[in-house]
Every structure is written in structure tokens, then in C-alpha cells.
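# Structure at a glance
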There are 4 protein chains.
Amino acid sequence: MIRFECDYSEGCIDKIQQALIATNLDQTPGYGMDPHCERARSIIRKLCGREDAEVQFLLGGTQANATLIAAALRAHQGVLAAETGHVNVHESGAIEATGHKVLALPANDGKIRAEQVRNALHAHFSDSHAEHTVQPGLVYISEPTENGTVYSAEELKAISAACHEYGTYLYIDGARLGYAMAACPEITFPLLAEVADAFYIGGTKVGALFGEAMVILHPALKKDFRYILKQRGGMLAKGRLLGIQFECLLEDDTYLNISKHAVDLAQQIREAGLNKGWKLYSASPTNQQFFVVPDAQLQILNQKYSYDIWEKLPDGHTAIRFCTSWATSQEQVQALVADIKAL
Amino acid sequence: MIRFECDYSEGCIDKIQQALIATNLDQTPGYGMDPHCERARSIIRKLCGREDAEVQFLLGGTQANATLIAAALRAHQGVLAAETGHVNVHESGAIEATGHKVLALPANDGKIRAEQVRNALHAHFSDSHAEHTVQPGLVYISEPTENGTVYSAEELKAISAACHEYGTYLYIDGARLGYAMAACPEITFPLLAEVADAFYIGGTKVGALFGEAMVILHPALKKDFRYILKQRGGMLAKGRLLGIQFECLLEDDTYLNISKHAVDLAQQIREAGLNKGWKLYSASPTNQQFFVVPDAQLQILNQKYSYDIWEKLPDGHTAIRFCTSWATSQEQVQALVADIKAL
Amino acid sequence: MIRFECDYSEGCIDKIQQALIATNLDQTPGYGMDPHCERARSIIRKLCGREDAEVQFLLGGTQANATLIAAALRAHQGVLAAETGHVNVHESGAIEATGHKVLALPANDGKIRAEQVRNALHAHFSDSHAEHTVQPGLVYISEPTENGTVYSAEELKAISAACHEYGTYLYIDGARLGYAMAACPEITFPLLAEVADAFYIGGTKVGALFGEAMVILHPALKKDFRYILKQRGGMLAKGRLLGIQFECLLEDDTYLNISKHAVDLAQQIREAGLNKGWKLYSASPTNQQFFVVPDAQLQILNQKYSYDIWEKLPDGHTAIRFCTSWATSQEQVQALVADIKAL
Amino acid sequence: MIRFECDYSEGCIDKIQQALIATNLDQTPGYGMDPHCERARSIIRKLCGREDAEVQFLLGGTQANATLIAAALRAHQGVLAAETGHVNVHESGAIEATGHKVLALPANDGKIRAEQVRNALHAHFSDSHAEHTVQPGLVYISEPTENGTVYSAEELKAISAACHEYGTYLYIDGARLGYAMAACPEITFPLLAEVADAFYIGGTKVGALFGEAMVILHPALKKDFRYILKQRGGMLAKGRLLGIQFECLLEDDTYLNISKHAVDLAQQIREAGLNKGWKLYSASPTNQQFFVVPDAQLQILNQKYSYDIWEKLPDGHTAIRFCTSWATSQEQVQALVADIKAL
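Residues numbered from 1 in each chain as written. Chains lettered and ligands numbered in written order. Predicted model: local features only at pLDDT ≥ 70, side-chain atom pairs only at ≥ 80, totals over all residues. Heavy atoms only, no water.

## Quick word on the overall build of chain A
- When you go through chain A residue by residue, the secondary structure sums to 14 helices and 13 strands.
- For 343 residues, the compact-globule estimate of 2.2 N^0.38 gives 20 Å, and the C-alpha radius of gyration of chain A, at 20 Å, lies within 12% of that figure.
- When the backbone C-alpha atoms are referred to their principal axes, chain A occupies close to 60 × 55 × 35 Å.
- For chain A, with 343 residues in total, the buried portion stands at 67%.
- Long-range pairs, those at least 24 residues apart, make up 72% of the contacts in chain A with a sequence separation of at least 6.
- As displayed, chain A offers around 11300 Å² of accessible surface, 52% of which is attributable to carbon and sulfur atoms. (Helix = DSSP H or I, 4+ residues; strand = E, 2+ residues; numbered from the N terminus. Rg over C-alpha atoms; globule rule 2.2 N^0.38 Å. Buried < 20%, exposed > 50% of the residue type's maximum accessible area, 1.4 Å probe, protein only. Contact = heavy atoms within 4.5 Å. Areas by Shrake-Rupley, 256 points an atom, 1.4 Å probe, with all protein chains shown as cover.)

Below, the structure is given as C-alpha cells:
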């Protein structure tokens, strides 16, 4: 069985493993106050061109989202998000468990548009009965989205402008950020730091064992963030494990390079699917590829490959997802491509 | 600087590191549904003598506590705990963030007594105005306690009986469980599974990189636990990292052996302190040693050692804590012992 | 200005006022433990034909909904509701503030169908990734709905059956219950007690100064409900105020009679609107009437009448709502009818 | 049975009843946006000498406390309060249900001292591990306290100064505020508006049917308060019921006069108890009187009077509370005084 079902089937890149081995017996203070975390913070600030950025490390995406949102919102505020957004559908109600509603906007390709955001904010803030409803306090988007699509720089700037017109935070979930950067060179750390009030750089799905780096730009969100990090279980005792991993990923071009590797392989799968006549379920330039595939063909593929079932369609077809990662090899993709062709 | 300030200054035991290297490129399903987690669950069930136990892995202690408590309690219920209990003082309000009050009981040595528990439960359930107050729904204890003391088997059974008389859950925080087992052989997995409705086996502070194994005995707590695990950020994408670590710790005597190593070294420090005339702040048979030390002597120790400051006392003394772990060496302890003697 | 904008523009029916005067200096115990509350409970149990029903009084609808839902759900569960449901759109996130997500279903006329409920429950409970999503733990419907429509007895039974097939609670918001009963005689207290696990009998919008009577049928929801009532601010010190009001409304046919009065008047407005050629925005047999009206005509009506603006439509029309109540007089309606005719 | 067990055994003062009758059929907008609420707000602003004060009405004390605290605190903050404070012991965990811990301070007579507050705030904000603990974000006191004691103007100013030194809010629960004002003329509305960031003027226990007037001074607490009022169930549909009651109480000296009436009668009971040789359980100058009474004497009193049992004492004594109110008559007190004398 060759697994294409997700980008977290293996452990971590070799460089991280070596660094963990090399530092294993070093003694450091706990809770993210060690030299590795400090250095990783410094690297991230430099990459963003923002010496004022607050950087804290968390263990996973659901935790990162819930912690940032708990830190950002007052009791009556909610999160504006795509109906397909991870916080809306795949976190078991983690945001609501912090007391805040997710206000879902339609999003065919996983993206919401600046105009939707502006309309929603305008509708709320111009409503004389607004106080009977949830106030959007933060806009959540994912870059790339859960559907593998990428917001352009222009789109991000437009959403950011809409948010800030109404004093609403913009927060970007970068669980797979590297793949957006690899696919669209205009997506850069300084751009994210410019448009967002906070965003996170995903490690779990981009070569790390686990871990996400939260980058906070807005002063109100920086204040006391570490209390909430601790409260939500995100303050790792051996915090250096996170610092070491982000040092490895970001001290040189590793993060971008492994993302490019995955994106290149994913594009080969895309070609193969299109050549086979499969319809794209979502037009993704990143490491996730979504196709609508006849069930009969899937039965054949099932013998050798695992992939993710996205949606059962009514007419004998299924929407599926193939994922690649740093760990995917050219050989694995070649095998899949050949087998698609031979279907 | 030799660090005795905590038991999480280093990475992990060599065996775990080797296992992580060996499995790094294996492909496995995510979220704790892989063969390593399954095997670790099976080992733990066997160690407890309870094939019906539900075992789930979490990333850290604060998360483990908040998740179990969120799963256990209804909206009007709270947690009865020692005033020194970790959930009461060192989790930044994580329990209250789940909506539940911690009802603190006096506890000079970190332990609460069965009689205290029974009195508190009786007082509540016999009060005609009880509905104006928080109902104790769960009793939280730590084994060993935050002060290094250990509940005896008899004490655990008595607390368990008091809880179950009133239909109240007993939950045991085993962040440092191995050290209690090493210090007091009557503390065993089957005993814990007998007295508790749920408990966790600590990994972070006992040789793992990170991770805690929650063992759930009560059927009502098992139901749907994984939803809440996901909601609270505890469902690790690369869940096998936790399975692998607990396989390493528990498939043989590793967990107990590294705990004994630490306890033995801690007892050498205890001797040294007592010989020096230091008063014990807490009578701990485990890997944490608490002393009341003159500040003048601490100034000398500060040049070579780090330890944890527990409480500033009024008269030129300070209560401090030394910790040992799997990573502490006989040489490090010998140096400390000699330097204490020479003060 | 004659107000048709809502059914809570005035105080209360004369009978309630007299009862409050008559009892004002009586001394009674607080918190709903007085003889008036006891008698009102007894009346409601008899009306429902359910001696086992638990009856508790709350102050308003948002509080009633949030309290019942907080009592019913575990941390990972949510509420299935019409997208137009009061809990989804008009309670400022009160449900999310209890930690629970509202899972919205499309509902053109304010009603959800048994098939929608069954499909949603089936989709969840048959999904192998269900634990990554919110589990529907309770279905919320309003009788009548926010759009004035009424679930038939058959529809209620079908929804109830769908819920109970999956072990999901059915909860009915009866803020305007009297109007559904007045409009559709098959809607009765015994029917509600048969299909629902809990429902409330609305007082605020049906002749009382304020207050709602929660009727709880399911044993698990009865247990400790008063703790949560207190916690959520619903345990009125002078609880008898609620008991007295529900005695007045329900000890004879008052509740039904005042509802019929309002419904009869509303139907006169409905006639007038239809005769004018206004399109119904919602086909309501109850005390709320929704029309699509040209803005030019509204400008004329504005001089004498207030009504509720429901939705601005794009083409020079507006959807509006007229409400009647116990306090609306035949003269007021006659004036409105004549003025609609004369437009 | 003559009831002295609480100050909410009867309905409301006659003046309020007359006003409710007189306005019953008036039509007004809902949710506290009516002319009566506006006038009551204006009166309160003038009484406080603060035109900038935001005034909102709530239904009861538990709701008032939970709503203000939910509006004030960020996720990691808690409430510093006397261990005897209403929010700590008698609200069924309402504050924790908003996600915030109550940090209890010892308080023998129901009062906390400025020095305690300053020490607690200093200890937190100077602790290098503060982020592992709950940050005090608000200090809660009651005036008068739950024990009937009264903070002097000087004490209030000192606590206020301690709070504001650390950027912590001071919030005053005035459930029985009138009785403090009646007992201690230096306690005035302008004083409360000067020292507090928010406080509420209690109606339920001082002559109203129900209702509390929240007065908010700090700009950050004013912002969007009505959203949270709605979310927590405090936005009464027929909001004018609250406006009318506070107009009646505060447009002239009614509030103070009825409070004086109750305090005068309470002092007669105090005399009687002291003459009898009863020990004061708490030295209260207000409408609550606390005594330590031999159980044998209570058995005799039980035949004619109800009172509140405060604490069972070990030696055949019980601490009890007598309450007076606007509704208590001189005859009732005379009877009690005579019967105490005759014991």
C-alpha cells in the first residue's frame, strides 16, 4: 500500500531527526524559554521583516486556531470563515468550545472573497438590531485552503483591507503554508505579516514531527498570549522540541524546498488525472489534488494506493484527494501515474 | 550549570530515539489509529489487567486534565482537589476555561484524605440549598502529588470508596506516576485501574519527549472521548509518535527502571540535605526533594546548579526543589552531594 | 402610532395584574419553591397528562434555550436547528457561549423536515471520521416557527421518531406556543409532551409580563436541572412571580383564548394584505403575518403604524411582519385593514 | 409564621405596583429601548454625577455578575473575591461557567482589605511564572457584604487605588446597596461611581419585584455591553418593566427611605439579641443581623418565626440570620423582640 491520503503519514525530515539526536542530552529550561525557541523566533521575525512580531509555538492546528481565537475575541464575538473552513467543519467544535460562533460564508472553492467579507461586516455593523446577533470579531482564512486553492497576494490584501475597515482581525491558518509559497511565489512571509494580524506557519504537514509557529503582529493579540497558550495545553514542557524543528525548517531554504518537492510531484498526479479525463473537484496548484473519479477505477487503485475520500457523489463517482509531502518519492508518484494511465 | 530544576530538561531516553529513527519513513494512518498506538494500548490494558480499558494518548498534562474533566462533567459540576493540586494552581485556569470550578481542599503535604473527601461530598449532597453551589462531580488527585508525596494503596482505596459512595468520579493525575511506583511498590497499574475511573500514565516527565497515556475505566467516560480529545487539540496528526513512545516505555520494565534510577539519585540528595541539617519542606520518597535552605547557602549553590524556587520564606530561608530524572547521572548527583556537604 | 411590530409591546393581561396585586404582601419562600409555583407545576403536569414531568420557570426565551441546552449536552455535542432558528440567529451566540455549536439546516419556511433530520443524523453517525466533527446531540425546533409557520402533529411525530432513532434529544421552543395551538387544534400539550424531551410554554409573548415554563420529560434532563437554572441566572429570587403568572394563564382557558384572539385579528390582516395583492413572505396561520410590500406603500403606513422590517428586498420591496397579541384591539386592526385597503 | 429569612419574601413597594398598573397598556419598544428605561438611566447618571455612565438593567444578581464579568475579562483572567463572596459560593459556578476562575481571599467578616488586594496583585504581576496561573483581571466586592458588613469610603478608595495601580477592574455587587447607604451615609452613588469601574444598584432585595441596574464607568466595559446582556439572557423583551421600577425607586428618596426603614427595624432586632446575650456572628449595621443562638431557644422561635440558618456550630448553637425589608412592619419586629426577650 502506498499512501497518498495525507501529508502526515511519515515522521519528519532527516535534518530534524539529526538535530533532535544532537541536542537530546542538552539541558535547557522548559516551556519555550530555551535558546532554540529564541533562535527560531529570531529567524521567523527576520523572514517576516518584522522585529516586533511575537512568535509562539503550538503543537497542532486545532490547538493553534482555538488558542489564537480565544486570545482575540470578547464574549459576544465570532469568527467569519468559509463554510469549508477547518474551524467550521473539522475541529469537533473547538471554536465553539471557546464560546465563540463560527459564522460561515459560502465558498465553492474553499476561498471567500473580500466582497463577501465586506458585505458581511457591513451588514452587521449597519444593522440596528446587531446586538441580537454575533459580532464578527475575526476573519479566518486558510492559505492554502482546505481545497488546495491559493489566495493571491491581491486577494489577501483586499480581504485585509475589508477587515481593517471594520476593526476586525484577519487571521490566517497556514497549516500547509509552504505549499502555497511553493506554488505561488508572491505568497511570502512579509506579505503574510503585512496583511494578517496573526498567522501560523505549519510544521506538522510540512516536514516536522509536529508543531506550528504562531506569528502575531497585532499588539492586542500579543499581550498575555502565553497565558492562554498554557491554558489551552499548548505550552510544551520540553518546548525546545518545537524550537529545534522550526530552526531546521526555516534557518535556510528547507521549508520552501521540501514544499516545492511535494508540489512538483502533485502536479505530475494532476497531469495524469487530467489526461485520464478525470474532472478536477478543485483547481489546486498545491500538494493536494482533488479529482472526481469513477468508482470502478477506484476499486482498481484501492489494491495499491490509499487516498482520501472527500465526498461520495450520487452517480457512481467519488471525489477523492491525493496528497504529497516531503516524504513522497518520485518512484511512488511514477507508479501511481502509470497505474492511472493504465486504468 | 547542572540543572536539577525539573525532570524535563533533556529530550528522551535513547530507546525512544532509536524507535523514532527506525520508524521515521513508515507510512501509517493518522490520529492515533496506527499499529503503534494499538500495540501500546494493548500493552497498557494488559499491565492494568483490564481488557475493557479505553486508552488514548495526549500531548501534555494540562491538556490531559482539561480533556478528561470536560468529558466527565455536566455544566453544574466541579472538581474537588487539593489546594496545591496542579489543576488548581498551575494550569492558568484550564479547568475553569472548560466551565468548571475547582473546589479546593486544604492539603498540607499535597494530599487530601478520604475523610475530607467524604465530608465535602456529604456536606454538599445533604445541603438543602445545594443547588446554589457547585456540585462536586469528580475528585482529582495526583500520584505522586505536586509535593512529591505518595498516596498509599490504602489511602487510594479509601478515597475511591468515598467517591463512589456519592457517585463521584475519581481521576488520578499520573504525570510522574513512575516515581510513585518506584518509591512504593504497592502502587501498581492494576491498583490504579481498580480505584480510579480514569488516570493517566505520564510520559513527558518520565523519559518520553512528550505524551501522556489516559486510561479510562468508567464506561460513561469512555463514550465519545475521542471527539473531546480532538476538540481540545489532543488528537495528534502523527499520532504514532505517542504510540511508539509508550511502546518503548511499557513493553518491558523501562518505565519502572528509569523511575527507580531517578528515585535512587534523589534519595542521595535527600541524605545530603538532611546531613547538612536542612529541614524537609515535604517528606518525599520520590524524584523530587524539597528543602528549606538558608539563602546564603543558595548563593553558593547558584554558581553551579539550578533548582526550582518553591516558596520564599520570611526569615532568610527559601523552600527549594531538586528534581532528578532518567537523564540525571550519578556524577551530577555526586557533585551536588559533595558541594552540599562543603557548604 | 399603533404598534404591530411585536407581541410584547404592552404589559400583561388584566388577570395577571390582579393576581400580582392580590398576593403582593404575602410572604413566600424564594427561588420557585412557593405554593404558586407548585400549583402552576401541578396544572401543567395535568394539562400534559404527565405526572412525571419536571416543570421549572425561566425569565425569557434566550435564557430558557441556553439553560436547557447547557443541561442536555456533553462537550462535543451540538444543536441541529433550522438556519432561521432563534438559537442560530437571534441570541447573540448564547448557545455557543455554552460551548456548543449550532448546526444549521436549510429551512425555507422556518421548518425543518424529519427527513433532513434523519439524513443529518445518519450522515454523522455513519461517518468514520465523525469524531472530527460536532455530534448532533439535540434537535431544536420552534412551534410555531420564527416565520409563523406551524409543524403539524404528524410532522412533529416524524421528527421525534428520527431523533429518538439516534438517541438525540428533541427540544421545542414554544415562545409563541399558544398561537400554534390556537391556529391548529391538533397541537396540544399532551402531543408536545409525547414528542419532545423538553419544551417550553411561552409566557412573555402570550400575555405574561415575562416568563417561560420549561417542561422536561426525559429523566436525564430533569436531573439537577435546577443547579443549571441557578447558574444561568434563571432562578428568580421572587420566583412566585412566575408561578402566579402561569397559574393565571393555565388554570383555565385563558392561554388559549388570548391566543385565539390574537390569531383571529392576524387573519384579518392577512386577508387585507392578500386583497391588496401583497405576496405572503411566509404562509402563517398564527399571530405573525409576513408580507412583501412595495416601499412606496410602506411610507404611507409608516405615518400611523409600526411593524417589523424582516428583510430589505432588492427591487423596491420590503418583507415586513405584523404581530398581534392579547392586547391588540379590534379597533386597531380595523384601522390598519382600512388603511391597507386605501393604499 | 412571620418570615425574617430574607429580604425578598414579598412582592414590591406599592409605588411600583401603581406604576405598572398605570402603564400596562402603553405600547413601547422592547429590549430596554423605551422611554422609561431612558428616564431611569438619566436619573441614575444624575445621581452618580456622571453623564458618561452607561446604565443597563438586568433581571437578577447572578446574571448581573456573570454578564459584567464575561464582558470584562479575557480568557486567562479571573476574579479576585472574598472567600465568602456571592460569586464564589452561591451562584452554582456561574462565573466559572463563563470560563473564569474565582480567586478567593480569606475574609473573616465578609470584607477583603486593600492590602490583601495589593499583595495578591503584586504577587501575581511580579511572579516570573505568572503565565502558569490565572491573572486577576477584576476585583469583586459586595457593598454591603454577604455578612452585612459595610466597606467605609476610605476602604473603598484604598481598594480602588490598589486595583488601578495594576490595571485591574474594580466591580461592586450592590444587591443590597440601599442598606449600606442607609447605614453609612458616606456610602453614596457618586462615591461608588468614583471608586468602581462598574457596580450595580440592587432592586430585587430593595423593594422591586426584580431587577438590578448596572452602572458602567470604564469605557472598555461599556463597549458592546448590550450584546453580552442579550447573550446572557438579560435583555428583557418588555424591558420597560425594569425602567419603570428604577424610576420609582430613584426619582425621589424612595430607595433610601425604604432602606432606612429596614435598617431601623434590623437594629431593634440587634438590640434584642444583644440584650439576650446572643453573640454577634457578624457585626452588621445593615438590614441583616447574624447571631449565634442556643438551639433550645431556636426551637421555641421556630413556632412563630422563620429565619435563615447560616451555619451549624458544634456546641449546640447555630449561627442564624434575620432579615428585614421595606415590607417588614414595626408590629412584626415588636413581636419578635418581645419573644426574644421572653425566651
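## A few points about the domain arrangement of chain A
All names here are of chain A.
- When its domains are assigned, chain A resolves into domain 1 (2-7 + 255-342) and domain 2 (14-253).
- On a C-alpha basis, the centres of domain 1 and domain 2 stand 27 Å from each other.
- Tallying the contact residues gives 22 residues for domain 1 and 26 residues for domain 2.
- Across the domain 1/domain 2 interface, buried area totals approximately 1800 Å², and carbon plus sulfur atoms make up 59% of it.
- It is Asp-7, Tyr-255 and Thr-286 in domain 1 that bury the most area against domain 2; as a group they hold 38% of the surface buried on that side.
- Viewed at the interface, domain 2 and domain 1 are joined by one salt bridge. (Domains from an automatic or database assignment. Buried area = accessible area lost by both parts, 1.4 Å probe. Salt bridge = Lys/Arg side-chain N within 4 Å of Asp/Glu carboxyl O.)

## Topic: the relation of the copies chain C and chain D
- Of the transformation superimposing chain C on chain D, the axial component is 0.0 Å and the angular component is 180°, with the fit at an RMSD of 0.0 Å. Put plainly, the chains are arranged around a two-fold axis.
- Here 100% of the contact residues of chain C are again contact residues in chain D; the copies associate through an equivalent surface. (Least-squares fit on C-alpha atoms with pLDDT ≥ 70 in both.)

## Some points on the interface of chain B and chain A
- Residue-level contacts link 46 residues of chain B with 46 residues of chain A.
- Taken together, both faces of the contact between chain B and chain A bury some 3900 Å²; the carbon and sulfur share is 51%.
- Area buried by chain B at its contact with chain A is led by Tyr-8, Gln-27 and Lys-238 of chain B, which between them contribute 19% of it.
- The interface formed by chain B and chain A holds 24 residue pairs in polar contact (both at pLDDT 80 or more) in total.
- Those elements that provide at least two residues to the side of chain B that touches chain A are β1 (2-3), α1 (14-23), α3 (61-72), α5 (94-97), α11 (225-231) and α12 (240-250) of chain B.
- The residue makeup of the side of chain B that touches chain A, split by class, is 20 nonpolar, 17 polar and nine charged. (Polar contact = N/O pair within 3.5 Å; in protein donor to acceptor, adjacent residues only side chain to side chain. Nonpolar A, V, L, I, M, F, W, Y, C, P; charged D, E, K, R; others polar.)

## A closer look at the pattern of salt bridges
- Applying the stated criterion to the full structure yields 68 salt bridges over all chains.
- For Lys-304 of chain C, the salt bridge identified is with Asp-339 of chain C, shortest N-O distance 2.8 Å. Note that Lys-304 of chain C is positioned in the loop between α14 (295-301) and β11 (305-306) and Asp-339 of chain C in helix α15 (residues 330-341), a separation of 35 residues in sequence.
- Since its relative accessible area comes to 25%, Asp-339 of chain C is described here as partly exposed.
- Here Arg-321 of chain C ties to Asp-308 of chain C by a salt bridge, and the two come within 3.8 Å at their closest N and O atoms. Residue Arg-321 of chain C is located in strand β13 (residues 317-323), and its partner Asp-308 of chain C is located in strand β12 (residues 308-312); the two are separated by 13 residues in the primary sequence. Note on accessibility: Arg-321 of chain C and Asp-308 of chain C belong to one class, buried.
- Within this structure, Lys-15, Arg-39, Glu-247, Glu-251 and Asp-252 of chain A form a network of salt bridges that share partners.

## A few points about the sheet that holds strand β9 (residues 279-282) of chain A
Residues and elements named next belong to chain A.
- Read from one edge to the other, the open sheet built from four strands follows the order β9-β10-β13-β12, with strand pairing classed as antiparallel. Each having just a single partner strand, β9 and β12 (308-312) make up the two edges of the open sheet. Taking the axes of each pair of neighbouring strands and ignoring which way they run, one obtains an average angle of 35° across the sheet.
- Where β9 meets strand β10 (residues 288-294), three bridges bridge the pair, whose relative direction is antiparallel. By the bridge assignment for β10, Ser-282 is matched with Phe-290.
- Packed onto the sheet, helix α12 (residues 254-276) meets β9, β10 and β13 (317-323) and runs at close to 20° relative to β10. (Pairing = 2+ DSSP bridges. Axes fitted to C-alpha atoms, helices over the stretch in contact; angles between N-to-C directions.)

## Digging into the interface of chain C and chain D
- Counting residues at the interface gives 45 residues for chain C, matched by 45 residues for chain D.
- Carbon and sulfur atoms supply 51% of the area buried between chain C and chain D, which totals about 3900 Å² over both sides.
- Interface area lost by chain C to chain D is led by Tyr-8, Gln-27 and Lys-238 of chain C, which between them contribute 19%.
- At the boundary of chain C with chain D, the tally comes to zero salt bridges.
- The interface formed by chain C and chain D holds 25 residue pairs in polar contact (both at pLDDT 80 or more) in total.
- When contributions to the side of chain C that touches chain D are tallied by element, the ones reaching two or more residues are β1 (2-3), α1 (14-23), α3 (61-72), α5 (94-97), α11 (225-231) and α12 (240-250) of chain C.
- For the side of chain C that touches chain D, a count of residues per class yields 20 nonpolar, 16 polar and nine charged.

## Some thoughts on the relation of the copies chain B and chain A
- Between chain B and chain A, which share one sequence, the superposing operator has a rotation angle of 180° and an axial displacement of 0.0 Å; the RMSD is 0.0 Å.
- A high fraction, 100%, of the interface residues of chain B reappear at the interface in chain A, so the copies pair face to face through one surface.

## Structural notes on the sheet that holds β12 of chain C
All names here are of chain C.
- In spatial order, the strands read β9-β10-β13-β12; together these four strands make up an open sheet with antiparallel pairing. Looking along the sheet, the strands with just one partner apiece sit at the ends: β9 (279-282) and β12. Along the sheet, successive strands turn relative to each other by an average axial angle of 35°, direction set aside.
- With respect to the sheet, helix α13 (residues 254-276) is in contact with β9, β10 (288-294) and β13, its orientation differing from that of β10 by roughly 20°.

## Points about empty space enclosed by the protein
Residue and element names in this part refer to chain B.
- All told, the structure shown has 15 cavities of 30 Å³ or more when counted by the stated rule.
- Taken as a whole, the largest cavity encloses approximately 350 Å³ of empty space.
- A per-element tally of the lining of the largest cavity places α3 first, with four residues.
- In terms of residue class, the lining of the largest cavity is built from nine nonpolar, 10 polar and seven charged. (1 Å grid on protein atoms, 1.4 Å probe; cavity = no way out; pocket = protein on both sides within 12 Å on 5 of 7 lines; lining within 4 Å. Points joined across faces, edges and corners; volume = space filled by probe spheres on them.)

## Examining α15 of chain C
Residue and element names in this part refer to chain C.
- The terminal C-alpha atoms of α15 lie 16 Å apart, and with 12 residues this matches the ideal 16 Å at 1.5 Å per residue to within 8%.
- All of the buried residues along α15 are Gln-332, Val-333, Leu-336 and Ile-340. All buried residues of α15 project into a common sector of 95° when viewed along the axis, lining one side. When the buried face of α15 is taken as reference, the exposed residues oriented beyond 90 degrees from it are Glu-331 and Lys-341. (Expected span 1.5 Å × (residues − 1). Arc of directions from axis to C-beta.)

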